[in-house]
Amino acid sequence: MSELQLSANQLTGRASTHVQRFDPPGFTAHPVAATAFLAMRAEAAKSGIDLTVASAFRDFDGQIAIWNRKFRGERVLYAADGSVLDHASLDEPALVAAILEWSALPGASRHHWGSEFDVYDRAALPPDYKLRLMPDEYEPGGVFATLTQWLDANMSRYGFFRPYDAERGGIHAEPWHLSFAPVSVPALSAMSVAVLDAALDDSVLGLATVRAALPAIYTRQVCLVADAPAQLTQIAPTGFA
C-alpha cells in the first residue's frame, strides 16, 4: 500500500498510524498533507497572513465524543438555519438528523484522513474576538475576507481545494475547510457504506437508527462534495519541501 492509500481503519479514524504531530505550529495530520500545508503557510506569511489550523486530524473517538454529547443533549443542537432546537422534543430519527445537520457521523468525517484542515488567519483576529468558523467570517467584509482571497489565488498550487465550497444537500458550505487532494481523492474513492458500517459499534448512541439510514447518510455526508481539480492529484509530494 502506498503512503497515499489508507486502510479501512485509517479511513474511519479507528487508526492513527497515517498521521503525526507537528509542533510547532501545533496540529496532527498526514505527513504529506502537512508538508504541503506548511509550505503554503510559509508563503501566506509573506502576505501578512498567519495561516492557522483550528482543526486537522480527528480520530473516531474524538468524533464520537461530539456525537454522543449532542445525542444526550449536552451540546446545543442547531437547525439548518442556525436556530436552536429543543432536544427534548425530538424522537430518535429526528435527533440523529439534527446532529447530522452540523456534525459528521463517527467514521464518516474527512478529518479522519489527515488530509483536512480547518483554517483561519490569526493575524486578522481583532482583540477578544471569538472564532466561530461561520461562512460570514470568510465572505467580503468578513474578518477573514483577505484570507479567502489569498486562498482562492494560491491554494491549488499546494494541492488544496474546498470540498464544501457550496451547499449541495450534504454538509453546509465551509469556506474554512481545505482538503489536500493527493490524499483525500484516493481516500474518498476507497470509502463505502460497508467500510463505514464496519467501523460502527454500540459506542455510537442511536446506532440502530443510524444503521437503518446508513446508505442515505453515506451519500449525503461522504459523497456530496466538490470534485477536486484533476491536476491537483498529480502534484508530487516532494514538491513542497
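Residues numbered from 1 in each chain as written. Predicted model: local features only at pLDDT ≥ 70, side-chain atom pairs only at ≥ 80, totals over all residues. Heavy atoms only, no water.

## Observations concerning the nonpolar core
- With 31 residues, the main nonpolar core has Phe27, Phe37, Met40, Leu51, Phe117, Leu151 and Phe160 as its most contacted residues.
- Where this core is concerned, the elements lending two or more residues are β2 (27-29), α2 (31-45), β3 (51-55), β4 (116-121), α5 (145-154) and β6 (177-180).
- Among the elements that make up this core, the one with the highest residue count is α2 (7 residues).
- Aside from chain neighbours lying at most four places away, what touches Phe117 is Phe27, Ala29, Ala33, Ala34, Phe37, Val53, Ser55, Ala56, Phe160, Trp176, His177 and Leu178.
- Counting 28 residues, the second largest nonpolar core, distinct from the first, contains Leu11, Ile64, Ala187 and Met191. (Core = buried A, V, L, I, M, F, W, Y, C linked by side-chain atoms within 4.5 Å. Buried < 20%, exposed > 50% of the residue type's maximum accessible area, 1.4 Å probe, protein only. Helix = DSSP H or I, 4+ residues; strand = E, 2+ residues; numbered from the N terminus. Contact = heavy atoms within 4.5 Å.)

## Regarding the packing of aromatic side chains
- Summed over all chains, the structure comprises 10 aromatic pairs.
- Arranged with centres 5.8 Å apart and planes meeting at 80 degrees, the rings of Phe117 and Phe160 form a pair that is edge-to-face. Here Phe117, found in strand β4, pairs with Phe160, found in strand β5 (residues 160-161); they are 43 residues apart in sequence, far enough to count as distant.
- Each ring, one from Phe160 and one from Phe180, has its centre 5.3 Å from the other, and the planes form 50 degrees; the classification is tilted. One end of the pair, Phe160, is in strand β5; the other, Phe180, is in strand β6, and 20 residues separate them in sequence.
- The class of Phe160 is buried, set by a relative accessible area of 1%.
- An aromatic cluster of three or more residues is present, and its members are Phe22, Phe27, Phe37, Phe117, Phe160 and Phe180. (Phe/Tyr/Trp six-rings, centres within 6.5 Å; stacked < 30°, edge-to-face > 60°.)

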